[in-house]
Amino acid sequence: MDFSLTEEQKALQDTARKFAREVMAPVARKHDETGEQPVDVLDKAFELGFLTEGIPVEYGGSGLSRLDAMILTEELGAGCAGMTTSIMATTLGLTPIVIGGTDEQKKLFLTPLTEKRSLVAFCLTEPDAGSDPLASTTTVKKVGNDYVINGIKRFISNGAVSELYTVFATVDKSKGAKGFCALAVPKGTPGLSAGKEEDKLGHRASNTTEVIFEDVKVPANYMLGKEGEGFKIAMATLDRTRPAVAALAVGLARAAMEAAIEYSKMRKQFGMPIGMFQAIQFMIADMGMQIEAARLLTCLSAWLIDQGLKNSLQSSYAKCFASDVAMKATTDAVQIFGGYGYTKEYPVEKYMRDAKLLQIYEGTNEIQRVVIARELLKGI
Amino acid sequence: MKVLVTVKRVPDPEAKLKVDPEGKGIVTQGLKFVVNPFDEIAIEEGLKMKEKHKAEVVLVSIGKKESTEQLRTGLAMGADRAILVLTDDGADSEVVARILTKVYETEKPDIVLMGKQAVDDDMNQAGQLLAEYLGIPQATFASKVELAADLKSAKVTREVDGGLETVEIQLPAVITADLRLNTPRYASLPGIMKAKTKPLKEIPVAELGVQVKPKVKMLKLEEPPKRKGGIKVETVQELVLKLKNEAKVL
């Protein structure tokens, strides 16, 4: 087992770390407060190839391995979780095409994303369908040589600001998973609109909205795979992109730990740096251990994908574990900063708010545990 | 057109450094190394010349095998190829200039772009020495470089103690980069992937036939004295007395 980074991975890590420190972090507070789209950051991320990391090289993308993508995402996560969500959600949105699209569809949909800075939105969740995606009521109907989509999606990252939308809808609700379909819908298609923007606890630099489909008509060849293959594509997409959430969590937790360590060396009470007190030391020790463990689990889940091996179990382990670690590390960081940590003058309260979403989106940690237990207790 | 750019591997300026127990160097365990920031600026200037004048950008570094890392960073930024002159011994400014003269003789670039100094030893001599040994013009502390249309000369604005000075030099020449010359680009992902396939030639220093014994010997390294806290004084008279008798600056 070789745990060392290749020269390219070190170079990738360096460039991403620099980007996080010099481009993201200085404006993170501002975008967290205003919710304004971080256009300059996203433009620069596109220039450096971060937004197209999930597109294979033959279609104009950066074509990173999933392990490489973990290294990138951890660094970005340490810069700003919200901006990283917008970038990650773009990869999430285009992955159904990478997995389920034909060569023609990949050229049609993916290549334009590499020519101009573009965000993508993955439209699965609905007001009444979150952990239970098959409770979806968004419908798709074949009309002549087209498909017509009707429905409302909710909590969609990049909902109002995407060039491309991948949407999941059912052709026959009574068929359950066998009726689920995946389609690609370009921005500007009549009937496609973004609804209200969510006013969120964290990840506020990321645009999250409803996406509304009112008789949205697309050519039949915009369907990815065949009718009834949508559920498989959705699940395969989530398996492939779930490790990135874990990587974001590792980066966020690490940023909180580094801030807490620096503060513990500086802040003096009772005549000495608070880092001399075991209560603080134990919190920091736990952060260190858990972050390292989360990172290794994340890399394993990504490595399995790159090897072409099944990774559902490990990607659930990684996402669930790493997001729980991030929640604990960021909460403890606020505790270590004390009263100061409770104010917006210091970065840790934002880290704590940002961590919460990681336990919720891309499959709640409760669902992760259900999936893990189901796998481990197979045959029960 | 060809531009030769020097790349030195230096400790990360952002890192917290510690003097080693012998007092002759710094603790390098766990230390991160980067491209000398002034060399990064030089690389960026070379890449601008590549974009504007189709110049070939050749990087050169002197050191151990680890310096490959920094050369790959430069290649990832967009340089065309790299040369590593391998030596396990340190090289002072004199040795660097002697080695670079040999590389210059082989490569025959139109411009040698160097950082004005390396942030580890801050010598600020290698560029000046190189120009002298080669008998070519030099423009150091450059904050602006404009090449003539015929690419036979350059106008360089230099940051000097009194302000800014603009000189015109014939090419080939040595130009050393100062902080405000440009803002170096990040290595993009496609750049990093491409860097893998760009040529990196290793040349053992013995092959160059230069005198490699450093003339400068590091005797001692010590940390600067810890900053003392400030004090508040009540009157201007008290301030003047303190400045005169304690700080001894009046």
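The structure displayed is predicted, hence computed values, not measured ones. (Residues numbered from 1 in each chain as written. Chains lettered and ligands numbered in written order. Predicted model: local features only at pLDDT ≥ 70, side-chain atom pairs only at ≥ 80, totals over all residues.)

Draft legend 1. Structural context of the overall build of chain A. Tallying secondary structure elements over chain A gives 11 helices and 10 strands in all. In terms of overall size, chain A behaves like a compact globule, its C-alpha atoms giving a radius of gyration of 21 Å where 380 residues would be expected to give roughly 21 Å. Projected onto the principal axes, the alpha-carbon positions of chain A cover approximately 80 × 50 × 40 Å. With 380 residues in all, chain A has 52% of them scored as buried. (Helix = DSSP H or I, 4+ residues; strand = E, 2+ residues; numbered from the N terminus. Rg over C-alpha atoms; globule rule 2.2 N^0.38 Å. Buried ≥ 20, exposed ≤ 12 C-beta atoms within 10 Å, placed from the backbone.)

Draft legend 2. Examining the overall build of chain B more closely. Secondary structure summary: chain B contains six helices and 11 strands in total. In terms of overall dimensions, chain B has a C-alpha envelope of 65 × 45 × 40 Å along the principal axes. Relative to its 250 residues, chain B shows a buried fraction of 36%. Contacts in chain B between residues far apart in sequence, at least 24 positions, make up 68% of those at least 6 positions apart. (Contact = placed C-beta atoms within 7 Å.)

Draft legend 3. The arrangement of the interface of chain B and chain A in detail. Counting from both sides, the interface comprises 12 residues of chain B and, opposite them, 15 residues of chain A. Among the elements of the structure, helix H2 (68–77) and helix H5 (189–195) of chain B are those that each provide at least two residues to the side of chain B that touches chain A.

Draft legend 4. Structural view of the domain arrangement of chain A. Residues and elements named next belong to chain A. As far as domains go, chain A holds domain 1 (7–115), domain 2 (120–226) and domain 3 (232–376). Put simply, the middle of domain 1 and the middle of domain 3, counted by C-alpha atoms, are 20 Å apart. On the domain 3 side, the residues contacting the 22 residues of domain 1 number 22 residues. Put simply, the parts of the chain that give the side of domain 1 that touches domain 3 at least two residues each are helix H3 (66–79) and helix H4 (81–100). (Domains from an automatic or database assignment.)

Draft legend 5. Here's a closer look at the nonpolar core. Residues and elements named next belong to chain A. Formed by 177 residues in total, the largest nonpolar core has its most connected members in Leu183, Ala249, Leu252, Ala253, Ala256 and Ala333. The element that contributes the greatest number of residues to this core is helix H7 (residues 230–266), accounting for 19 residues. Here Ala253 is in contact with Met287, Ile291, Ala294, Val325, Ala326, Ala329 and Thr330, once residues within four sequence places are set aside. (Core = buried A, V, L, I, M, F, W, Y, C linked by C-beta atoms within 7 Å.)

Draft legend 6. Just the environment of Asp120 of chain B, in detail. Residue and element names in this part refer to chain B. Position of Asp120 among the secondary structure elements: in the loop between strand S6 (111–115) and helix H4 (126–134). A residue is classified by how many C-beta atoms lie within 10 Å of it, and Asp120, with 15 of them, is partly exposed. In this structure the C-alpha to C-alpha distance between Asp120 and Lys144, which are 24 residues apart in sequence, comes to 24 Å. Those residues within four positions of Asp120 in sequence are excluded, and the remaining contacts are Val10 and Pro11.

Draft legend 7. Highlighting the sheet that holds S6 of chain B. Residue and element names in this part refer to chain B. Spatial strand order, S9-S8-S7-S10-S6-S1-S4-S5-S11: nine strands in an open sheet with mixed pairing. Looking at which strands have only one partner, the edges of the open sheet turn out to be strand S9 (163–170) and strand S11 (200–204). Each neighbouring strand pair of the sheet contributes to a mean axis angle of 35 degrees, computed without reference to strand direction. Against the sheet, H4 makes contact with S6, strand S7 (138–147) and strand S10 (173–177), and its axis sits at roughly 80 degrees relative to S7, the strand it touches most. (Pairing = 2+ DSSP bridges. Axes fitted to C-alpha atoms, helices over the stretch in contact; angles between N-to-C directions.)

Draft legend 8. Summary view of the packing of H3 of chain A against H7 of chain A. All names here are of chain A. Between H3 and H7, whose axes approach to 7 Å, the crossing angle comes to 35 degrees. Classified by chirality, the crossing of H7 by H3 is right-handed. Every residue of H7 that contacts H3 at Arg66, Ala69, Met70, Thr73, Glu74, Glu75, Leu76, Gly77 and Ala78 is listed here: Pro243, Ala244, Ala247, Leu248, Val250, Gly251, Leu252, Arg254 and Ala255. Taken together, the residues that form the contact of H3 with H7 break down as 11 nonpolar, three polar and four charged. (Left-handed = near helix turned anticlockwise from the far one by under 90°. Nonpolar A, V, L, I, M, F, W, Y, C, P; charged D, E, K, R; others polar.)

Draft legend 9. Just the packing of helix H1 (residues 7–34) of chain A against H2 of chain B, in detail. Taken N-terminus to C-terminus, the directions of H1 of chain A and H2 of chain B make an angle of 65 degrees; their axes are 10 Å apart at the nearest point. The handedness of the crossing between H1 of chain A and H2 of chain B is right-handed. Counting all contacts with H1 of chain A, which are made through Glu7, Lys10 and Ala11 of chain A, the residues of H2 of chain B involved are Glu69, Arg72, Thr73 and Ala76 of chain B. For the contact of H1 of chain A with H2 of chain B, the class distribution of residues is two nonpolar, one polar and four charged.

Draft legend 10. Molecular detail of unusual backbone geometry. In the segment running from Leu171 of chain B into Pro172 of chain B, the intervening peptide bond is cis, with an omega of 0 degrees. One can find Pro172 of chain B in the loop between S9 and S10. In this model, Glu362 of chain A sits at a positive phi of 55 degrees, which is unusual for a non-glycine residue. Along the chain, the position of Glu362 of chain A falls in the loop between helix H10 (348–358) and helix H11 (365–376). A positive phi angle, close to 60 degrees, is found at Leu151 of chain B, a residue other than glycine. Note that Leu151 of chain B resides in the loop between S7 and strand S8 (153–160). Take Leu151 of chain B: there are 14 C-beta atoms within 10 Å of it, and that puts it in the partly exposed class.

Draft legend 11. Seen up close, helix H9 (residues 312–341) of chain A. Residues and elements named next belong to chain A. For H9, built from 30 residues, the straight-helix expectation of 44 Å at 1.5 Å per residue is missed by more than 12%, its first-to-last C-alpha distance being only 37 Å. Within H9, the axis deviates most sharply at Gln335, by approximately 55 degrees. The element H9 is extensively covered by neighbouring structure, given that 21 of its 30 residues are classed as buried. (Expected span 1.5 Å × (residues − 1). Bend = angle between axes of the 7 residues up to and from the residue.)

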